[in-house]
Amino acid sequence: MTENVKLSIAMRMARAALNWTQHDVACETGIAKTVIARAELIDGNLNLNQVARLLNMFKENGVELSFLFGQVVTVTVNEEAIAVVQEDLMDIDGRRSDRRAPITGGKQ
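Note that this is a predicted model, so its numbers are computed, not measured.

A. Main features of the overall build of the protein. Looking only at helices and strands, one finds five helices and two strands in the protein. In the protein, the succession of helices and strands from N to C terminus is α-α-α-α-β-β-α. Put simply, the protein has 108 residues, and 30% of those count as buried. Long-range pairs, those at least 24 residues apart, make up 52% of the contacts in the protein between residues at least 6 apart in sequence. If you sum the accessible surface of the protein, you get close to 7,300 Å²; carbon and sulfur atoms cover 53% of it.

B. Structural view of a negative patch on the surface. A surface patch of negative charge is lined by Glu87, Asp88, Asp91 and Asp93. Structurally, Asp91 is set in the segment after helix H5 (79-90). You can call Asp91 partly exposed: its relative accessible area is 35%.

C. Summary view of unusual backbone geometry. In this model, Asn19 sits at a positive phi of 60 degrees, which is unusual for a non-glycine residue. Secondary-structure assignment places Asn19 in the loop between helix H1 (3-18) and helix H2 (22-29). Look at Asn19 and you get partly exposed, because its relative accessible area is 36%. Here Ile42, not a glycine, exhibits a phi torsion of approximately 60 degrees, which is positive.

D. How the structure looks around the side chain of Glu40. With respect to the element layout, Glu40 can be found in helix H3 (residues 33-40). For Glu40, a relative accessible area of 3% gives the class buried. For Glu40, the contacting residues outside a window of four places in its chain are Ser8, Met11, Arg12, Arg15 and Gln22.

Cut-offs used in this document
Residues numbered from 1 in each chain as written. Predicted model: local features only at pLDDT ≥ 70, side-chain atom pairs only at ≥ 80, totals over all residues. Heavy atoms only, no water. Helix = DSSP H or I, 4+ residues; strand = E, 2+ residues; numbered from the N terminus. Buried < 20%, exposed > 50% of the residue type's maximum accessible area, 1.4 Å probe, protein only. Contact = heavy atoms within 4.5 Å. Areas by Shrake-Rupley, 256 points an atom, 1.4 Å probe, with all protein chains shown as cover. Patch = residues over 30% accessible without salt bridge, like charges linked within 9 Å, V, L, I, M, F, W, Y side chains within 5 Å. Salt bridge = Lys/Arg side-chain N within 4 Å of Asp/Glu carboxyl O. Lys, Arg positive; Asp, Glu negative; His and termini not counted. Charge placed at Lys NZ, Arg CZ, Asp CG, Glu CD.

Function cannot be inferred from these measures alone, as they are strictly geometric.
Quick look at the structure:
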């Protein structure tokens, strides 16, 4: 598995953990959305500065990525980030109008 593939997997997993879009990542890092999208599709490369900005931004938001050693991608989400995402997911007003029913089941 190449470093680009591992980076792509790590980026997608980190975005999912934060419930963010590529646009959200672009706004937080100052990296163009098209560059983010191409990196996730392994259709383009990020430079070292961009990778560092991504890793730092994710870490500042509670998600640490490890993918440089071996054939493993690890994403660690801290408790604070989980709480923020849980609150976001539970916000009925943030959903499409046809999906505004309260979430039932599961632990809160």
